[in-house]
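A closer look at the structure
Read off the chains here:
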Amino acid sequence: MSSWSRRLIALAGASALALAANAASAKEVSIAAISGYFAQGFGVSIVDGLKKAEKDFGIKLKLVDTGNRALDYEEQFNNIAKDGSYDLVFVMGWELVDALQKTAAAYPNTHFVFIDGVLDSKNIIYANFAQNQGSFLAGALAASMAEKGSAIAGLGDGKAIGFVGGRDIPVIRDFLGGYEAGAKAAAPDVRLDAVFAGTFDDPAKGSELTMALYGQGSDIVYNVAGPTGEGVLQASAAADKYSIGVDIDQCGVAPGHVMASMLKKADVAVYSLVKDVVDGKPPEPGSIHTYDLKSGGVELLLCPQVVDKIPAEVKAKVEALKADVVSGKITVPTVK
Amino acid sequence: MMSDRVAGLMGQLIAVAIALAIGAVIILAVNESPLRVLVTLIDGAFGNPERIAGTLLQMTPILICGIAACISLRGGLFNIGIEGQLFIGGFAATWVGFSFALPPLVHVLFGLAFAALAGMLWIAVPAFFRARFNTNEVVSTILANYVAILLTSYLTINVFKRPGGQPDTPAILESAYLPQIFSFSRLNWGLFIGVALAIGAYLFFTRTARGYAVTEMGANPKFAEYGGIDIKRQTFVLLLVSGAVGGLAGGIESLGVHHRFMEGFAPGFGFDGVIAALLANGSPIGTIVTALFFGALRNGSLLLEVDTTASREIITVIQALIILAVSAQILVRRRASDSTAGERRWKF
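Residues numbered from 1 in each chain as written. Chains lettered and ligands numbered in written order. Predicted model: local features only at pLDDT ≥ 70, side-chain atom pairs only at ≥ 80, totals over all residues.

1. Notes on the overall build of chain B
Helix and strand counts for chain B come out as 13 helices and zero strands. In chain B, the succession of α and β elements from N to C terminus is α-α-α-α-α-α-α-α-α-α-α-α-α. Against the globule reference of 20 Å for 348 residues, chain B gives a C-alpha radius of gyration of 20 Å, in line with a compact fold. With respect to the principal axes defined by its C-alpha atoms, chain B has extents near 60 × 50 × 35 Å. Put simply, of all contacts in chain B between residues at least 6 apart along the chain, 78% involve residues at least 24 apart. (Helix = DSSP H or I, 4+ residues; strand = E, 2+ residues; numbered from the N terminus. Rg over C-alpha atoms; globule rule 2.2 N^0.38 Å. Contact = placed C-beta atoms within 7 Å.)

Following this line, the structure appears as structure tokens:
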């Protein structure tokens, strides 16, 4: 075949595809997302999911960064909602709740999706993550490892595990409750030391608290503290101990010292919600979409740099507990 | 021959024009049309009654912080701690708002008075050291900003946090609400307070002997002292008043707009106010115009980011360019006309 005819065929194929794509989305789907956290862990994951949807479905995408001025939020929401031109508007960040509820009430035809929480407004869609379930597995892993003690390189016989939270707020307590339940279920003798940094923005404090926990016999510390948690991970490298990452894959922050990462897959959540809209089945206002272990919305990722140090029997125990949670045999406590 | 005032105005306009021109080049560089950006900015700032109200809402804290800056600048002093006074004042008014049950009008007045008092206390130490020991107030007031922001944040999170996930204080009682002007906007009586303050400051500086004494001190402290003005006392009092107005700006934000105090309460307005005052050459009436300009830029930029591909931050860039252009021309003017530059730092 000549190169010309090959090109012609390729062209015809491409235009057929384009036609098909056009027919499928007669009306272009427009998606907006508003948050102050697009540059941070969980927010990055949201952006990833939306960019993937943009690539796969050819949607129109608008990202609005809220910045840090509370005075601006309401106008920003109004500007997004004013023409009703967006099919879905993703919202992330608790400081936006007041502006969100006000705008959602004023523009009932604009569908807002609140990510990572449930409010009492009936015309908002909720994407909620079962962080208690993911943390349950993190607790099970940490406690099982701590129980083995000095049989494993880098661990002592303190028989304790640690937790560094950001602020002492309900959502962080939800992580902690799951972590504690997981530890109890896997190794009831292991002690849990939990502390709160009081801030999400202070890595130095995270580091300091983690060193203190290591001093008290914990060798594995779970961070649920945003940027403060970066300090937790770095402390684990400095002290040659272990830590557990949160929200996104944090294994690379302190390679060899982050044992696992509890993933809240915001990218999967936003992608599937956008897909529903593209498929003509937009989510109902007021519906709560829960992303849990069963649906793969939360997951415990064992870090590849460490996975060989985790005994097969511990892995099996964590897997068994996961199966029990998925099947409903174990109900993980939750804090609202 | 052009009068000083006209020359000054021309200088400021040229500074703004240069800043906007550089801004246009930056907009071109990010592949957006400067004309479209301009049209969207104007639409976002003045496109309908809601947006005009939004612009005035953004303008209010800039104006009041600007008046606080004008007051110190007139006397040749530079209170750059308005940001901190705003935070402290905002917190103080909120505390009054949720801690006491008072009759409506009394509650508001008490809250605002407390905000002003708090702002005054916050500048008292830098003001004392400036008056007594000639310590540079630029450094001491700017340092006090950090303390104010962290202290209010600490009090909010660790002492007064409302139940639930938010780093917020409880809401103030409705009796402490500063009334809204329109039902469709959070714009409130704070705007009128700001304009009244501007007119008041203008009258004080131009029509009273005491105001004249302050202006004289700003123009030439040595000469003012020779003329019998108690420089130390006047410096102290002037900075206290400037701080009180800064605190009041915070009180108006909490009682008029947010109805509570939260972490990251109103970041940057103190500095925006200083810029507005500098751009207005330290004139309170001029600050009304420059604050409106910055308010419109801010509010317009909120539509800009939604309706165009340009980032809202382009406004921050333009503002920074204006500061550069204005400070450059102040330096040039001073060098050209001022043989006693060593004696004073700010000339208005």
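Still more to cover.
2. Things to note about the UniProt feature "transmembrane region" (unreviewed entry) in chain B
Residue and element names in this part refer to chain B. Those places that UniProt annotates as "transmembrane region" (unreviewed entry) correspond, in this numbering, to residues 12–31, 51–73, 85–102, 108–129, 141–160, 187–205, 269–294 and 314–332. A distance of 29 Å separates the end C-alpha atoms of residues 12–31, which is 90% helix and 0% strand. End C-alpha atoms of residues 269–294 are separated by 10 Å, and the span's content is 85% helix alongside 0% strand. (UniProt positions renumbered as here; feature names shortened; annotations may be inferred.)

3. So, unusual backbone geometry
All names here are of chain B. Phi at asparagine 31 is positive, roughly 65 degrees, even though this residue is not glycine. Tracing the backbone shows asparagine 31 in the loop between helix H1 (4–29) and helix H2 (34–46). Asparagine 31 gets classed as exposed once you count the C-beta atoms within 10 Å, which come to 8. Positive phi, normally seen in glycine, also occurs at asparagine 134, with a value near 60 degrees. (Buried ≥ 20, exposed ≤ 12 C-beta atoms within 10 Å, placed from the backbone.)

4. Concerning the pairing of strand E10 (residues 258–264) of chain A
All names here are of chain A. In terms of burial, E10 is a largely internal element, seven of the seven residues being buried. Strand direction decides the pairing type here: E10 and strand E12 (residues 298–302), joined by five bridges, are antiparallel. Residue serine 261 lies in a different strand from E12, and its bridge partner there is leucine 301. (Pairing = 2+ DSSP bridges.)

5. Description of the UniProt feature "domain: ABC transporter substrate-binding protein PnrA-like" (unreviewed entry) in chain A
In the numbering used here, UniProt assigns the feature "domain: ABC transporter substrate-binding protein PnrA-like" (unreviewed entry) to residues 40–333 of chain A. Its end C-alpha atoms 28 Å apart, residues 40–333 of chain A is made of 43% helix and 21% strand.

6. Concerning the domain arrangement of chain A
Residues and elements named next belong to chain A. Segmenting chain A into domains produces domain 1 (27–129 + 267–291) and domain 2 (131–264 + 298–327). If you average the C-alpha positions of domain 1 and of domain 2, the two centres end up 31 Å apart. In this assembly, eight residues from domain 1 lie in contact with seven residues from domain 2. A per-element tally of the side of domain 1 that touches domain 2 places helix H2 (residues 41–57) first, with four residues. Along the lines of polarity and charge, the residues of the side of domain 1 that touches domain 2 split into four nonpolar, four polar and no charged. (Domains from an automatic or database assignment. Nonpolar A, V, L, I, M, F, W, Y, C, P; charged D, E, K, R; others polar.)

7. Quick notes on the interface of chain B and chain A
Counting residues at the interface gives 21 residues for chain B and 19 residues for chain A. Put simply, the parts of the chain that give the side of chain B that touches chain A at least two residues each are helix H3 (49–74), helix H6 (137–159), helix H10 (231–258) and helix H12 (284–307) of chain B. Of all the elements, H12 of chain B adds the most residues to the side of chain B that touches chain A, at five residues. Across the side of chain B that touches chain A, the residue classes tally to nine nonpolar, 10 polar and two charged.

8. Quick word on the environment of isoleucine 244 of chain A
All names here are of chain A. Locating isoleucine 244 in the fold gives a position in strand E9 (residues 242–247). When the C-alpha atoms of isoleucine 244 and valine 258 are compared, they prove to be 5.3 Å apart, with 14 residues separating the residues in sequence. Other than its neighbours up to four places away in sequence, isoleucine 244 contacts Ala138, Ala142, Ile220, Tyr222, Asn223, Val258, Met259, Ala260, Ser261 and Met262.

9. Notes on the sheet that holds E9 of chain A
Residue and element names in this part refer to chain A. Pairing within the open sheet is mixed, and its six strands lie in the order E7-E6-E8-E9-E10-E12. Two strands close off the open sheet at either side, each with one partner strand: strand E7 (191–196) and E12. Within this sheet the neighbouring strands show an average axis-to-axis angle of 20 degrees, counted without direction. Here five bridges tie strand E6 (residues 160–165) to strand E8 (residues 218–224), and the two strands are oriented parallel to one another. By the bridge assignment for E8, phenylalanine 163 is matched with tyrosine 222. Contacting E6, E7 and E8, helix H6 (residues 170–186) crosses the sheet at an angle of about 170 degrees to E6. (Axes fitted to C-alpha atoms, helices over the stretch in contact; angles between N-to-C directions.)

10. Quick notes on the environment of threonine 228 of chain A
Residue and element names in this part refer to chain A. Positionally, threonine 228 belongs in helix H8 (residues 226–238). Sequence separation of threonine 228 and serine 207 is 21 residues, and the distance between their C-alpha atoms is 7.9 Å. When residues no more than four places from it in sequence are discounted, the contact partners of threonine 228 are Gly166, Ala197, Thr199, Phe200, Asp201, Asp202, Pro203, Lys205 and Gly206.

11. Comments concerning the sheet that holds strand E4 (residues 112–115) of chain A
Residues and elements named next belong to chain A. Ordered by their spatial adjacency, six strands build an open sheet running E2-E1-E3-E4-E5-E11, and the pairing between neighbours is parallel. Two strands bound the open sheet, and with one partner strand each, they are strand E2 (60–65) and strand E11 (288–291). Ignoring which end each strand starts from, the neighbouring axes of this sheet average 20 degrees apart. Two strands pair when backbone bridges link them, and strand E1 (residues 30–35) and E2 are joined in this way by six bridges, in the parallel orientation. Residue alanine 32 lies in a different strand from E2, and its bridge partner there is lysine 62.

12. Considerations on the packing of helix H5 (residues 131–148) of chain A against helix H10 (residues 312–327) of chain A
All names here are of chain A. With their axes 10 Å apart at the nearest point, H5 and H10 run at an angle of 155 degrees to one another. On the basis of the axis angle, H5 is roughly antiparallel to H10. In terms of crossing hand, the pair formed by H5 and H10 is right-handed. Here Gln133, Phe136, Leu137, Ala140, Leu141, Ser144 and Met145 of H5 lie close against H10, whose contacting residues are Val314, Lys317, Val318, Leu321, Lys322 and Val325. Its residues assigned to classes, the contact of H5 with H10 comprises nine nonpolar, two polar and two charged. (Parallel < 35°, antiparallel > 145°, perpendicular 65-115°, else oblique. Left-handed = near helix turned anticlockwise from the far one by under 90°.)

13. Re the confidence of the model for chain A
Scored by pLDDT, chain A comes out at a mean of 89, with 92% of its residues at no less than 70. This model gives residues 13–25 of chain A a pLDDT under 50, and the stretch forms three contacts once residues within four places in sequence are excluded. (pLDDT = per-residue confidence, 0-100.)

14. Considering helix H4 (residues 97–106) of chain A
All names here are of chain A. Within the span of H4, buried status applies to Ala99, Leu100, Thr103 and Ala104. Taken down its axis, H4 places every buried residue within 125 degrees of arc, on the same side. The secondary structure elements touched by the buried residues of H4 are helix H3 (73–81), strand E3 (88–92), E4 and strand E5 (124–129). (Arc of directions from axis to C-beta.)

15. Brief notes about H5 of chain A
All names here are of chain A. Taking 1.5 Å per residue as the helical rise, H5 with its 18 residues ought to reach 26 Å, and the 26 Å between its terminal C-alpha atoms agrees with that figure. When you tally the buried positions in H5, you get 17 out of 18 residues, the bulk of the element. Among the residues trailing H5, glycine 149 stands out with phi positive, at a value near 60 degrees. (Expected span 1.5 Å × (residues − 1).)

16. Brief notes about the nonpolar core
Residue and element names in this part refer to chain A. Core analysis: the largest hydrophobic core is formed by 200 residues, its most contacted members being Val91, Val113, Leu141 and Ala142. Counting residues domain by domain, this core receives three or more from each of domain 1 (27–129 + 267–291) and domain 2 (131–264 + 298–327). Once residues lying within four places of it in the same chain are set aside, the contact partners of valine 113 are Leu88, Val89, Phe90, Val91, Ile125, Ala127 and Leu273. (Core = buried A, V, L, I, M, F, W, Y, C linked by C-beta atoms within 7 Å.)

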